[in-house]
Amino acid sequence: MQDYLEGLNDAQRSAVVETDGPSLVIAGAGSGKTRVLTFRIAHLLQQGVKPYRVLALTFTNKAAREMKERIGSVVGQGIAGSLWMGTFHSIFARILRFESKHLGYPSSFTIYDTQDSKNLIKSIVKRMKLNEKAYKPGSVLSRISAAKNDLVTPVVYARDVNRTAHDKASQMPMIYEIYAQYMKECYKSGAMDFDDLLLNTNILFRDFPDVLKKYQDQFDYVMVDEYQDTNYSQYLIIKKLAEKHQNICVVGDDAQSIYSFRGAKIENILNFRNDYPGYKLFKLEQNYRSSQNIVNAANSIIAKNKGQIQKNVFSANDEGSRVRVLKAYSDVEEGFLITNDIFERRMKEHCEYKDFAILYRTNAQSRVFEEALRKKNLPYKIYGGLSFYQRKEIKDLLAYFRLTINPADQEALKRVINYPARGIGKTTMDKLTAAADNSDQSLWNVLINPNIAQLGINAGTQKKLASFVALIAQFKAQLENLSAYELAAEIASASGIMKDLHNDKSIEGQGRIDNIDELLNGIKEFTETRQEEGEPAQLVNFLEDVALLTDQDNEKGDDINKVTLMTIHSAKGLEFKNVYIVGVEEGLFPATQSTDSEKNLEEERRLFYVAVTRAETNATISFARSRYKYGELTYSRPSRFIGDIDQAFLDINPEDFVGNERPQPSFRKPMGAQSSPTLKPRIRMNYRSSGAGAEKPKLKFQSSNTNGLQAGMKVEHERFGVGEVISIEGVDPNVKATVRFVNAGQKQLLLKFAKLKILN
DNA sequence: CCTACATACACGGGA
DNA sequence: TGTATGTAGG
């Protein structure tokens, strides 16, 4: 019965069975954290704790789903299904829907995504007649978001000297007022943004002690995964909920804290000891995932950071291969190098596609890898970037759903009132918006107000508005009697979206129809599953889920055996046999914006640590000397992080690091400090002092005079790398050379344009 | 009011 | 490079 305890090491077992009182589980990378969490919960359930009395918070839906699954296999799926397990946002959205009346919100409130928020901010900036150049919606939103995560309301914000001074310094002194109006507009629209879900939960618990008490009583056990990534708002919710029973267990790794940009406070995990003085500490230090070389390389990286919880992560696996470093001439060549390597390694080592992951710092880097993989016919899946739910046609249809459920939702209304085109243009919208602002009503209320005739809108347009209102009302009337799928299909056609898309005969147009079909199929599946389970399956229920979904949540069956492309951020918690960390260059990783402060740089280094520790047997790091940024060719040098890895664990070609290509170490050795064994001199070879800390090196490519170029010669190209000349043809000035590049394939180059260096 | 084209701006990560 | 916005002409 307790055989699940068998395969655990001592530290893991203690963390599983010592369930009472506050516990801090420090879980090094790959140390079996998920196992501990799942077994701990399973253990509680086996001890007779009721599942609905356990609250378990994760950072992704996927993590929650997988854990539920695994717990279910121990205690039965029915029991596991009644756990309060999910992301912060989904759990508290659920509580807020239930308690919404206390806050004056409809229980079917809309959840605004980032784009909705930005659009709303933009319209507020316009209305306030502020300089739209200075008040960029994204910047304003991140200020507002930061305030909300710190539980700073607009009134407090206005008095907060630090914040207002910061805003003045960045030419946006009026943010406090935008914030106030933003909140008001959201409320008017019956909408909450992501941060509101947490902020409003705090307000709910603060202002309605009875409600707080209800949940405090209910949750005997509170568990939090990835605690290092919680922000203040989340921290306080947890603290309040665990206050009564004090059975709080938080799991995390300070070395993997990588979300400070969205308000995460690494201090939360560092200060746990102060919040719960009688806490028990469990340290999971054995890494079961990676080879010794990978763990050691990762340790040597993180050792460069200060202020960590002391721990000794080790691996008892094979020593394994060293961390390889590859140099490419260009982003394109980097793509070829990596895909070739995947191709060959898969053959040689009999790996599967799913054993490979390409991890990058920014989503924009994915394109060249996509192209290279496509050319080589390697199947891949790509995460992030434009997710399914952010495609225009999907957002359009979802906006109709939103509006049907919550007509006050202004962002949804603005999106579809004239899509498909029905002759309601800017002039009309301006009049309606003005009326809404003046009367402090939602746009919808203006539309359904009989006084609309007095707004100076011509009769024809009034008719169009009336038929739009009727259309939505007609959908709304069917909310109760139709299933999610039935109503969704009805809306897709009756709204005119389908017809509009069918008018577009282009390939993209066909793709959009396919996407809509896919969405409808998804809704159909949702409907049928829910109906089978006896759960409500109406459009409201679907929409409740969809706002908090991420694209990692709808992996399809045919997506399983493919090469994975994702940002390092989204790779956290995952593992792959072979990991390629690409674009490890100054200015990209670490990002330029992160090099201004030690704090930012340390987070960036933790990100690098996360990247390396994703690998089980092979980790490969690559950098390109040139790459396109904003469509412009830029030059870069290898990241200082490469120099942070102890050389003993690196497999590096010395010739790749000549002169100022040598990665600069992050730190000079402090004066007087003795050299630690893991801090040996970095890359020794071809060492030529280039004045560390000098400004950007000019890596200008030196091309040769190609007049005497002949077949058989070896040449080097700025972006394509090294190759051999196959043939020369044509007459001056149109001499054309055919060159076969080692990594970029065969190219025909006009010599008057191509910059080639003759190598022999 | 709509469409087509030109120009400006963007890339730091995400629930 | 791609997307969002502005403008001219229909």
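Residues numbered from 1 in each chain as written. Chains lettered and ligands numbered in written order. Predicted model: local features only at pLDDT ≥ 70, side-chain atom pairs only at ≥ 80, totals over all residues. Heavy atoms only, no water.

*Asks:* When you look at the protein's contact with DNA strand B in this model, what are you seeing that I'm missing?
*Replies:* Every one of the 28 residues lining DNA strand B counts as a neighbour, but Phe261, Asn363, Thr427, Gln593 and Ser594 are closest to it. Considering DNA strand B, the proportion of its atoms within 4 Å of the protein that are sugar or phosphate atoms stands at 49%. Here a sugar or linking oxygen of DNA strand B sits 3.5 Å away from a polar atom, N or O, in the side chain of Arg262. At 3.0 Å, a side-chain N or O of Thr428 approaches a phosphate oxygen of DNA strand B. For the surface near DNA strand B, the elements supplying multiple residues, two or more each, are helix H21 (426–439) and helix H28 (568–571). No other element matches H21, which puts three residues into the surface near DNA strand B. When the residues that make up the surface near DNA strand B are grouped by side-chain class, the tally is seven nonpolar, 15 polar and six charged. (Near = heavy atom within 4 Å. Polar contact = N/O pair within 3.5 Å; in protein donor to acceptor, adjacent residues only side chain to side chain. Helix = DSSP H or I, 4+ residues; strand = E, 2+ residues; numbered from the N terminus. Nonpolar A, V, L, I, M, F, W, Y, C, P; charged D, E, K, R; others polar.)

*Asks:* So what exactly am I meant to see when it comes to the UniProt feature "binding site: ATP" (unreviewed entry) in chain A here?
*Replies:* According to UniProt, the feature "binding site: ATP" (unreviewed entry) maps to Ala27, Gly28, Ala29, Gly30, Ser31, Gly32, Lys33 and Thr34 in the numbering used here. The topology assignment puts Gly28 in the loop between strand E1 (23–27) and helix H2 (33–46). What makes Gly28 buried here is its relative accessible area of 5%. If we skip the residues at most four places from it in the chain, Gly28 touches Asp253, Gln256, Leu284 and Val313. Tracing the chain through its elements places Thr34 in helix H2. Note on Thr34: relative accessible area 32%, which makes it partly exposed. (UniProt positions renumbered as here; feature names shortened; annotations may be inferred. Buried < 20%, exposed > 50% of the residue type's maximum accessible area, 1.4 Å probe, protein only. Contact = heavy atoms within 4.5 Å.)

*Asks:* Would you mind going over the UniProt feature "domain: UvrD-like helicase ATP-binding" (unreviewed entry) in chain A with me for this structure?
*Replies:* With numbering matched to this structure, UniProt assigns "domain: UvrD-like helicase ATP-binding" (unreviewed entry) to residues 6–291. The span residues 6–291 shows a helical share of 55% and a strand share of 12%, and its end C-alpha atoms are spaced 23 Å apart.

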